[in-house]
Amino acid sequence: MDDDKHTDLEKLKEECMNCTACELCSGRKNVVFGTGVPDAEVMFIGEGPGEQEDIKGEPFVGKAGILLDKMLAAVDLDRNKNIYIANIVKCRPPQNRDPKPEEQEHCIGWLRRQFAVIRPKIVVCLGRIAATRIIRPDFRISKEHGQFVSKGGVLMTAILHPAALLRYPENKPAAFEDFLSLQEKIKTVCERTYGNDDI
Ligand code: URA
Ligand code: SF4
């Protein structure tokens, strides 16, 4: 565990808890800052909190989150052990609508600052909203999921959103393939993600 990164993230979280930069602040129960290990080499980015996340203050803890955790576990990834998870917007959009471009624009600064502290080697976008905001505005999630691109020295990829997989379970095998290629990529570019159990 990296103590400096831990402290920096805690400070950032405290600041973020008071954010009123966009209209999403008015309906929230909790700011969902992010969770995971501060020195993660792999960072997952979702879209924004849903109902359960808003209640609990943690990303991906509803039905989609349970599926995400299962897929992560299948490739030895765990939010409490070796990854970090955050969202594009930190407050829940009403009725789980897509976050508006201006809301994303207001909130992305928090994600940038999280990214600057954690400095992951691999970024995994979960779903279209994160992929189009982080990888490329015209990213086609249905066609380009699982592909890796290098951006500013960081490897980036996108995987189908677990909530979409709950709606279209026939896409689960394709998502699982993407998790397997992610695992291979981690083995080639990361040093600590796998095999740091005894440190
Ligand atoms: N969907 C997301 O994109 N993020 C969450 O935290 C939960 C569901
Ligand atoms: Fe601030 Fe982001 Fe919440 Fe908007 S969504 S109030 S920018 S933390």
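Everything below is about the structure shown above.
S.K.: Got a minute to help me understand the pairing of strand β2 (residues 42–46) in this structure?
M.R.: Within a regular beta strand, the side chains point alternately toward one face of the sheet and then the other, so they alternate between its two faces. Among the 5 residues of β2, 5 are classified as buried, and the element is accordingly described as predominantly covered. By the alternation rule, side chains of β2 split into Val42, Phe44 and Gly46 and Met43 and Ile45, which are all buried. Looking at chain direction, β2 and strand β4 (residues 122–126) are connected through 4 bridges and run parallel. Within β4, the position partnered with Val42 by the bridge is Ile122. In the sheet, β2 pairs with strand β3 (residues 84–87) via 4 bridges, with the strands oriented parallel.

S.K.: What should I look at first to understand the environment of Lys81 in this one?
M.R.: Within the fold, Lys81 resides in the loop between α3 (63–74) and β3. Overall, the relative accessible area of 39% leaves Lys81 in the partly exposed class. In the structure, Lys81 is positioned 44 residues away from Val37 in sequence and 6.5 Å away in space, judged by C-alpha atoms.

S.K.: Explain the site of ligand 1 here, please?
M.R.: Neighbouring ligand 1 are Gly46, Glu47, Gly48, Glu53, Pro59, Phe60, Asn87 and His161. Backbone polar atom of Gly48 to a nitrogen atom of ligand 1: 3.0 Å apart, as the coordinates give it. Protein burial of ligand 1: of its 230 Å² of free accessible surface, 92% is covered by the chains. When the residues that make up the shell around ligand 1 are grouped by side-chain class, the tally is 2 nonpolar, 4 polar and 2 charged.

S.K.: How should helix α4 (residues 101–118) be read in this particular structure?
M.R.: Because an α-helix completes one turn every 3.6 residues, residues spaced three or four positions apart along the sequence face the same direction. A rise of 1.5 Å per residue sets the reference length of α4, with its 18 residues, at 26 Å; its end C-alpha atoms lie 25 Å apart and thus fit the reference within 8%. Here α4 has its buried residues at Glu103, Gln104, Cys107, Ile108, Trp110, Leu111, Gln114, Val117 and Ile118. Looking at the buried positions of α4, the neighbouring elements they touch are α1 (3–16), β2, β3 and α5 (128–134). The first or second residue beyond α4 is Arg119, which carries a positive phi of 45°.

S.K.: Would you mind going over the environment of Arg28 with me for this structure?
M.R.: When you line up the elements, Arg28 lands in the loop between α1 and β1 (35–36). Once the C-alpha coordinates of Arg28 and Lys56 are considered, the two residues, 28 residues apart in sequence, prove to be 11 Å apart. Filtering out sequence-adjacent residues up to four positions away, Arg28 remains in contact with Met17, Asn18, Cys19, Asp54 and Cys91. In this structure the side chain of Arg28 is engaged in a polar contact, spanning 2.8 Å, whose partner is the backbone oxygen of Cys19.

Parameters and conventions
- Residues numbered from 1 in each chain as written.
- Chains lettered and ligands numbered in written order.
- Predicted model: local features only at pLDDT ≥ 70, side-chain atom pairs only at ≥ 80, totals over all residues.
- Heavy atoms only, no water.
- Buried < 20%, exposed > 50% of the residue type's maximum accessible area, 1.4 Å probe, protein only.
- Helix = DSSP H or I, 4+ residues; strand = E, 2+ residues; numbered from the N terminus.
- Pairing = 2+ DSSP bridges.
- Near = heavy atom within 4 Å.
- Polar contact = N/O pair within 3.5 Å; in protein donor to acceptor, adjacent residues only side chain to side chain.
- Areas by Shrake-Rupley, 256 points an atom, 1.4 Å probe, with all protein chains shown as cover.
- Nonpolar A, V, L, I, M, F, W, Y, C, P; charged D, E, K, R; others polar.
- Expected span 1.5 Å × (residues − 1).
- Contact = heavy atoms within 4.5 Å.

No statement about biological role is implied by the geometric values presented.
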